[in-house]
Every structure is written in structure tokens, then in C-alpha cells.
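# Tertiary structure, described
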Amino acid sequence: MTDVTLVTGDGIGPEIAEATRRCIDATGAEINWLIKEAGTDVMERTGTPLPDETVEAIKKTGIALKAPITTPVGTGFRSINVHLRQTLDLYACLRPCKSYEGVRSRYTDIDLVVVRENTEDCYAGVEFQRGKDDTDELISWVNKHSEKKVRENSGITIKPISVEGSERIVQFAFDHARKLGRKKVTSVHKANIMKFTDGLWLEVSREVAKKNSDIEFEDRIVDNMCMQLIQKPELYDVLVLPNLYGDIISDLCAGLVGGLGVAPGGNIGEKGAVFEATHGSAPKYKGQNKVNPAALILSGVMMLRHMGKMAEADKLENAVAAVIAEGKSVTYDMKPHRDDPTAVGTSQMADAIIEKIKN
Ligand code: NAD
């Protein structure tokens, strides 16, 4: 048995977590679940949205499946997701985007993986607010040392891109491509404009590519990448991107395959890995046994592959794909009309998936 932490989250979290746990168990993956809480429900009882016990469990097991968690607006605490990412140094955000028959989308046959750097770039949190003394001091310093001038009364976000940060994520993309038998890695940047940050990213990408010559490598400028993904998505395989472009392109690719219902994800680092759906806690549907568990179940498929349980992962993915393709035992969002009376609930969709796994 392998220990895995299951963070049940809040809103629709507990329902989809339970559905996912049942589906994974049905594959025979032999997982010993450490079931832990995080989010608004546990906060009401204990005063903290992320109990130490939950973080400790994730650190101990090194692997977690996490249901969505609400980030309350204006309460002062930062997003739990960001906190976990930083505490565990989960530097790689992995988002496979794959077409499943039966999911309504403008495209078919999409099979892409987006690998996003999670710790640097404009999202590093190094920001200077307009009008503050430190900001004015920074602007004076820049204006003294740079030919280009920054206007007074500007706000500033710093974009750090390091050799170390770039190297490890590009190497991660190659390792992931190799592990899953993929053929090509495309590094995305805007090196023609931002020479010292994206330029460095591109230079490091090329160096890492030389050491991984068994896999094809190319680069694309990010604006061109957007157009290419819309026009010729079939030309691409694994994309590796700095944080900001990665955030945007992940959503673009999720859109290519039909959106949130089937968008799984994982945040991975040396110390651990946390797998979660792209969608949030949809609080308005809490406790109604209504929402689609597929994105979290597909995150479970990614988790099983990460753990080397390839046969179990294939079994689970094929079962999800078969249920979606049949279109019978699926939740309201996968029906042609949202008020379709034949839609089933979260737990009934899980039952249908388990039925497929068994047969
Ligand atoms: P959301 O993804 O929770 O919901 C948006 C809408 O998408 C829902 O109202 C619903 O119509 C639909 N939807 C989402 N998941 C669905 C599912 N599984 N099946 C069927 N329909 C589904 O986005 P939001 O409303 O912007 O965010 C709600 C809360 O979730 C916020 O507090 C946000 O911060 C948080 N959030 C958490 C995570 C995470 O934990 N990783 C990710 C995104 C958002």
C-alpha cells in the first residue's frame, strides 16, 4: 500500500474527492488514503484554513490529491494553493489538454501537455506600489542606471527569471516527455523583446535541449504560439513556458479541449506533488451531488502515472473516456442542454466509471 494524502477541500470539494477516491480504489492501485481537511469548513471550526496536520501529511506522504478550496476575498490570508506551492517548492505546473470524444469542443484530436514554471517571473510577488517611498527610490535608481526612463507615479512588478529556475523546469519538461513517450518539447518566450529575462530562458532552454537530444526541440515566440495553437494545434506536443505565459496558454489549451469539466492538473517539485483539477470550489453547488467529478478523477490519473502505476492510470482514464463518450451517465454540464433531465449526479457518474473499470 502507498500512502497518499487526500485533501477534501470545501464547496464541491468533499463530493468530488469521495467520487475520485472510489474510482481510484476500483483500479486496484492499493492506496492508503490519509484524509485531511483544508478550506473554509475547517476554518470555521479551527480558525485556520490550512491546519498544520494537513501540511505535515502532504510533506510526509510526498504526494497528495487535492479537491478545490475557496479563497475568501478580503480576509487577509493568502491563497492556500499558493502557500502549498511555496512551502513544498512545487515548481512545475503540469496541465495535460486532451480531447475526449463526447466533450463538446471546436476541436478534436488535441493532445498537448503544458508545463508551466510556478515560482518566478512576474508572479514571484516582487511588486512596488505606486507612490510609496521604496517605489520612488527604485524609480530614481533605475532612471540613473538605465537609458530608458520609468515615469514617476508608476507601479512596478519585477520579472525575475533565473538560470537555475529555467534549467530545472525545462529539464522537467524533457523528463516528462520521455516518461510519457512524447516526441517534442517547444519552449515559449518573448526573447526578441525581453532579452535579459526571456532571452536567458531561451538560452538555457537550448542548452538543456542539447543534453536531451533524443527528444526534438524547438522554440516559439508567445504571440505566434497563440496563433499556431488555434490554427495548427496538432503540430505541438509538450510546451514549456515561464509562469505568466504558462498561466495564459494553459487556459487557452483547456479551451481547445472543451473547458473546465475535463481539465486536470498537477503541481510538482522535488519534495512533493499535489494533483488537482483546474476548476474551483463552485460553492453554489455545494452538497447537491450535481457537479462533474471528471477533472479531479483525471488529476488522479496523472497522480497514478506520477507514482509509476501506469496500468491503473490507463484503466481509469479509459473508463472515464468511455463514460463521457457514451454520454449517458454524465453530469449536467456534459449534456447537450444544461437542464437535461437525464443528467446524473456526481456519485452516479463515479459509479458508472467504476462499472467500466470492472468490466
Ligand atoms: P469555479 O471553477 O469554482 O466555478 C465556476 C463555474 O464553473 C461554477 O459556477 C460552475 O458553473 C462551473 N463548474 C466548476 N467546476 C465544475 C464541475 N466540477 N462540474 C460542473 N460545473 C463546474 O470558479 P470560481 O467560481 O471563480 O471560484 C470559486 C472559488 O474557487 C473561489 O474562491 C476561487 O478562489 C476558488 N478556486 C480554487 C481553485 C483551487 O483550489 N485549485 C482553483 C480555482 C478557483
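Our subject is the structure listed above.
Residues numbered from 1 in each chain as written. Predicted model: local features only at pLDDT ≥ 70, side-chain atom pairs only at ≥ 80, totals over all residues. Heavy atoms only, no water.

### A few points about the site of the ligand
As a reminder, the rule being used: Residues are labelled near a given molecule or strand when at least one of their non-hydrogen atoms is within 4 Å of it. In the analysis that follows, any N or O atom pair within 3.5 Å is treated as a polar contact, provided that within protein one partner can donate a hydrogen and the other can accept it, and provided that, for residues neighboring in sequence, both atoms belong to side chains. Note on areas: Shrake-Rupley with a 1.4 Å probe; residue coverage comes only from the protein chains shown. As a working rule, the residues Ala, Val, Leu, Ile, Met, Phe, Trp, Tyr, Cys and Pro are called nonpolar, Asp, Glu, Lys and Arg charged, and the rest polar, with Gly in that last group.
The full set close to the ligand counts 20 residues, and Ile69, Thr71, Gly280, Ala282 and Asn292 are the nearest of them. Take serine 281: an N or O atom from its main chain is 3.1 Å from an oxygen atom of the ligand. Taking asparagine 292, its main chain carries an N or O atom lying 2.9 Å from a nitrogen atom of the ligand. Against a free-state accessible area of 810 Å², the protein chains account for coverage of 70% of the ligand. Its residues assigned to classes, the shell around the ligand comprises eight nonpolar, eight polar and four charged.

### Some remarks on the sheet that holds strand β9 (residues 216-221)
Rules: For two strands to count as paired, DSSP must find a minimum of two bridges between them. Strands are runs of DSSP state E lasting at least 2 residues, helices are runs of H or I lasting at least 4, and numbering of each runs from the N terminus. Helix axes use the C-alpha atoms of the stretch in contact, all axes being lines fitted to C-alpha atoms, and the angles between their N-to-C directions lie in the range 0 to 180 degrees. Contacts: residue pairs with any heavy atoms within 4.5 Å of one another.
Ordered in space as β2-β1-β3-β12-β11-β4-β5-β10-β8-β9, the 10 strands form an open sheet in which the pairing is mixed. Strand pairing shows two members of the sheet lacking a second neighbour, β2 (31-36) and β9, which therefore form its edges. On average, each strand axis in the sheet is inclined to that of its neighbour by 25°, with strand direction left out of account. By the bridge criterion, four bridges tie strand β5 (residues 111-117) to strand β10 (residues 238-241) in an arrangement that is parallel. Note that in β10 the partner of arginine 116 across the bridge is leucine 241. The strands that helix α1 (residues 13-26) touches are β1 (2-7), β2 and β3 (63-66); relative to β2, the one it contacts most, it runs at about 170°. Packing of helix α3 (residues 52-61) onto the sheet brings it into contact with β1, β2, β3 and β12 (273-277), and relative to β1 it is tilted by some 150°.

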